[in-house]
Every structure is written in structure tokens, then in C-alpha cells.
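Okay, here's what each chain looks like letter by letter:
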Amino acid sequence: MNNLQLQTQENVEFMIEVIKTKLKMASAAAMQASNFDLRKYEDIKDLYEVVASKEKFSISEVEALVSELGKLRMQ
């Protein structure tokens, strides 16, 4: 189990992979962990915790979560 209290690139990669898997993202290949800045760690972790806490998502929830994930990507 990853210690998500540590702000590491490895933890970002772990959380992004879990988010992509749980949301069954069609464009998952476009969401590489390297596209996320470590300075956004807490925001990524917040999103991860929301996704990890639920089993199923409505279409509107998936859209909202993917939109938030997109906002966290480096420009």
C-alpha cells in the first residue's frame, strides 16, 4: 500500500492509474501521470479519495470527475 501522505511522483502515478481504472476512461492513454505537477498533489489526492470511495458512478459524475482531472493537468 502506498503512503499517500508522501508527495512523490510515484504516488501521483498510482492515484492517476486508480482514477483512470475506476472511471473506465476511454481516453486513459491521454492521462499520463507525467502530465501532472507534483505541486497539485493535494488536489489529485482529493480527487483520488472521491473516486476510491465509490463503487459506481453516474455518467454526469464521470464527466465532472474527468473535467476536474483535466484541470489539474499541466498546460
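Before reading further, recall that the structure is shown in the block above.
Residues numbered from 1 in each chain as written. Predicted model: local features only at pLDDT ≥ 70, side-chain atom pairs only at ≥ 80, totals over all residues. Heavy atoms only, no water.

J.: Mind showing me how you'd approach the environment of Met 25 here?
T.: Topologically, Met 25 is positioned in the loop between α1 (9-23) and α2 (41-52). Accessibility expressed as a relative area gives 11% for Met 25, which makes it buried. When sequence neighbours within four positions are dropped, the list of residues in contact with Met 25 reads Lys 20, Met 31, Val 66 and Leu 69. (Helix = DSSP H or I, 4+ residues; strand = E, 2+ residues; numbered from the N terminus. Buried < 20%, exposed > 50% of the residue type's maximum accessible area, 1.4 Å probe, protein only. Contact = heavy atoms within 4.5 Å.)

J.: Explain the nonpolar core to me, please; I cannot follow it from the model alone.
T.: In summary, soluble globular proteins display a tendency toward joint burial of nonpolar side chains. Of all hydrophobic cores here, the largest spans 20 residues; its most connected members are Val 12, Ile 16, Ile 19, Leu 23, Phe 36, Ile 44 and Leu 69. Elements with a minimum of two residues in this core: α1, α2 and α3 (59-72). If you tally residues by element for this core, the top one is α1, at six residues. Leaving out residues up to four positions away in the same chain, Ile 44 has contacts with Val 12, Met 15, Ile 16, Ile 19, Phe 36, Asp 37 and Leu 72. (Core = buried A, V, L, I, M, F, W, Y, C linked by side-chain atoms within 4.5 Å.)

J.: When you look at the pattern of salt bridges in this model, what are you seeing that I'm missing?
T.: Close approach of charged atoms lets side chains of opposite charge pair. As enumerated under the stated definition, the model contains five salt bridges in all. A salt bridge links Lys 20 to Glu 17; the shortest N-O distance between them is 2.9 Å. In this pair, Lys 20 and Glu 17 both sit in helix α1, three residues apart, roughly one turn of the helix. By relative accessible area, which is 38% here, Glu 17 ends up partly exposed. Linking Glu 49 and Lys 45 is a salt bridge whose minimum nitrogen-to-oxygen distance equals 3.5 Å. In this pair, Glu 49 and Lys 45 both sit in helix α2, four residues apart, roughly one turn of the helix. (Salt bridge = Lys/Arg side-chain N within 4 Å of Asp/Glu carboxyl O.)

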